[in-house]
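Results of the structural survey
Listed below, chain by chain, are the residues.
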Amino acid sequence: MAANFWTSSHYKQLLDQEDVDVVHPLDKEKGITLEDFKLIKLHMANYIWKLAQNVKVRQRVVATAVTYMRRVYTRKSMTEYDPRLVAPTCLYLASKAEESTVQARLLVFYLKKLYADEKYRYDRYEIKDILEMEMKILEALNYYLVVFHPYRALSQLLQDANLNDISMTQLTWGLLNDTYKMDLILVHAPHLIALACIYIASVLREKDTTAWFEELRVDMNVVKNISMEILDFYENHRMITDDRIIAAFSKLNLKQ
Amino acid sequence: MGDTNSNNGNNTNTNNKKPEWLQQYDLLGKIGEGTYGLVFLARIKSSTNRGKSIAIKKFKQSKDGDGVSPTAIREIMLLREISHENVVKLVNVHINHVDMSLYLAFDYAEHDLYEIIRHHRDKVNQSIGQYTVKSFLWQLLNGLNYLHSNWIIHRDLKPSNILVMGEGDEQGVVKIADFGLARIYQAPLKSLSDNGVGGIFCVIGRYLVCSFMKREIVSLVFGLTFIVKGEPGNCLRARVRRGKALLRLQGNVVVTIWYRAPELLLGAKHYTSAVDMWAVGCIFAELLTLKPLFQGAEVKATPNPFQLDQLDKIFKVLGHPTLEKWPTLANLPHWQQDVQHIQGHKYDNTGLNTVVHLPIKGPAYDLLSKMLEYDPRKRITAAQALEHEYFRIEPLPGRNALVSPNGDKVVNYPTRPVDRTTDFEGTTSLQPSQPVSSGNAVSGSIPGAHGGTLRSGPRQMPVGGMQRMQPQAMQAYNNLASQPGMGSGMNPGGIPMQRGLPNQGHQQQQVRRKDTGMGMTGYPPQQKSRR
């Protein structure tokens, strides 16, 4: 159902982490490890965000685009689906799905503009390539386009917990944005991701939310695990350097 | 769709230029068109569903080089999520990578309320039977209740978008179609207790995060954070962009305003599900009288949705709205701005009962007047309407709206005309093509579908009952795997329907996507004004 998460295609498509963490055989052949795989997806999520800043779309569009990109790579190889094209195309498709269409022309303009940033020197693609990839992505997504994001849950939960001051709102919102640098949205229900963000933030801000969490009757083991995953991510993120990203990319040996 | 096929572009079957996926169908011809593209009638060849009719909606590549049309994206997006007996069923999606076109395949519905009403008005000169009207209305409400329960507003309900199944398992079943303008208006947070787990509760103290990690987190959070600010401005820009796109559309498109709710005509910024209920009220009246209830003349080329004549038509029948009856009226932009015109005339008397010829104390009138309630917050909901007394008295509504169990005379409605001269590319064939009757290609030839344009096409179509051509969308199609009984499938999510929770303000005018171009000038006038 379009607006009921529990009957939605999103819910039905949730995967186990093990199924997300599978490197496509074609990519494996090229020596792509699971770490490389995650790194490239993270990098492309950042790229989508960077592009989105330029074309000026809502956060929701970015989140949907990243989700599309991550879903595509649960099924398709990076060898066949060049991330440098998939990422902007996912943003393009997401902008239509979220009713704030960005023109392909404009997107390509910013692709070229981002060339100035050596981290995103991906300018070999033209409008035609994006339009072609759009259809391939629609197919790869099996035409399931509705994505439920934790943002709405987050603000409602914060309100419910009486934690909706500016400080908590900003912190949790930021944490939530960062969860799109991981595959959490493919694995967990959005409200659980939101709860993990609230949980981490309340610990950081020394808010006692124990009683509130108790009343929720959610599986706190899951919330805890998601929280740990987020914290692990931050811990590991320090180690990520541009060199590692470039190394991972070079293994893909994509056409320049 | 699991069985989706696509042409990989390397399919060079010279014998048959059809893309691979298309070979599973026998293409019969074109049955409609709109700004988005064309609609075709086809039959499935495969043994499992042999002979089953499919309507294939082909979306043109947008002219401005912007890929798959956002309308198509939105329609696919919604249709992929919904499933209900009274909503058209998307059975497949196909992509032709060669010409970058997109095809949506629906179960085919032979009739629609527009044609049924027209047939009664122009051909049989007789009103639609009570049983049939009630069954249409009940099923329409049933489908709408499902949509509204799932936070989907249709936004473009009108007789031509309400399909009715022809002969077969689902004969007389209503299917709501054309979701190109529909939108999800609220993604509600489901209560957390519904995740099916519950029980296990593990209290975690604040010790989970060690203090040394805190600093790292803080710095990283802000180092990595996506766009947090600037939401409203961007929304606005998006809205403005979309507004422009719609304006462009209006240039060659007929906008339906007859079914548009008064709050929208008065400039309300938000759609609520109540706008669909107003349309249902208009359709109900039209089923009873065979005439559009509020047939306003449209003001073209205005960027705002203000339609004085349409409002005037409504006020004439229902009387002027008052602040007592509709308190939020005062907040509506056009009510405030155009005091002279809108508030100037005064129609006091409600003449609705005389227009629809219903006894004022009867349940039918009661239901209709509740659908046509001015205040959207007081307007009856689909769920409430289904419980109305009208549906509890004889004749009771049934699943096959076309055949009454009381043995009333069955009206035979004409089948949809099929333009057999147009191929999937939308080009008219120069060679006379083979018309088809009841299943497979048979004899008979088109008496010269020459000239290469559609202009003369319809008059030359060889199949009986071809008096009409549908220049606009024949858009959607139904559910093969029908659920038994009419009550099935309602509100599966169990979410109570709510009003007044509009989305964050994407305002959009309702647009009739009808193409007046395409060389259709040879059509009879009433077809051109079809709404």
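Bear in mind that the values here come from a model prediction, so they are computed numbers and not experimental data.

Looking at the UniProt feature "binding site: ATP" (unreviewed entry) in chain B
Residues and elements named next belong to chain B. Within this numbering scheme, the UniProt entry marks Lys 58 as carrying the feature "binding site: ATP" (unreviewed entry). By secondary structure assignment, the location of Lys 58 is in strand E4 (residues 53-59). Beyond its immediate sequence surroundings of up to four residues, Lys 58 is in contact with Gly 37, Leu 38, Phe 40, Ser 101, Tyr 103 and Phe 424.

Some words on the nonpolar core
Formed by 195 residues in total, the largest nonpolar core has its most connected members in A:Ile48, A:Met69 and A:Cys90. The residues touching A:Ile48, leaving out its near neighbours within four places in the chain, are A:Val62, A:Ala65, A:Val66, A:Met69, A:Ala87, A:Cys90 and A:Leu91.

Comments concerning unusual backbone geometry
Excluding glycine, residues mostly carry a negative phi; peptide bonds, for their part, are mostly trans. B:Glu394 connects to B:Pro395 through a cis peptide bond whose omega is -5°. Mapping B:Pro395 onto the fold places it in the loop between helix H13 (382-386) and strand E12 (436-437). Look at A:Glu99: it is not a glycine, yet its phi comes out positive at around 60°. At A:Asn142, a position not held by glycine, the phi torsion is positive, near 55°. Assessed through the 16 C-beta atoms surrounding it within 10 Å, A:Asn142 is described here as partly exposed.

Details of the UniProt feature "domain: Cyclin-like" (unreviewed entry) in chain A
With numbering matched to this structure, UniProt assigns "domain: Cyclin-like" (unreviewed entry) to residues 46-139 and 152-232 of chain A. The span residues 152-232 of chain A is 77% helix and 0% strand, and its two end C-alpha atoms sit 25 Å from each other.

Describing the environment of B:Ile116
All names here are of chain B. Mapped onto the fold, Ile 116 is located in helix H2 (residues 113-124). Accessibility expressed as a C-beta count within 10 Å gives 23 for Ile 116, which makes it buried. Between the C-alpha atom of Ile 116 and that of Gly 362, which follows or precedes it by 246 residues, the distance is 25 Å. Residues contacting Ile 116, with those up to four places away along its chain left out, are His 111, Val 164 and Tyr 413.

Thoughts on helix H10 (residues 166-179) of chain A
Quick reminder: α-helices carry 3.6 residues per turn. Residues three or four places apart thus point the same way. For H10(A), spanning 14 residues, the distance from its first C-alpha to its last is 20 Å, which sits close to the expected 20 Å at 1.5 Å a residue. Restricting attention to buried positions, one finds in H10(A) the residues A:Leu171, A:Thr172, A:Trp173, A:Gly174, A:Leu175, A:Leu176, A:Asn177, A:Asp178 and A:Thr179.

Conventions used here
Residues numbered from 1 in each chain as written. Chains lettered and ligands numbered in written order. Predicted model: local features only at pLDDT ≥ 70, side-chain atom pairs only at ≥ 80, totals over all residues. UniProt positions renumbered as here; feature names shortened; annotations may be inferred. Helix = DSSP H or I, 4+ residues; strand = E, 2+ residues; numbered from the N terminus. Contact = placed C-beta atoms within 7 Å. Core = buried A, V, L, I, M, F, W, Y, C linked by C-beta atoms within 7 Å. Buried ≥ 20, exposed ≤ 12 C-beta atoms within 10 Å, placed from the backbone. Expected span 1.5 Å × (residues − 1).

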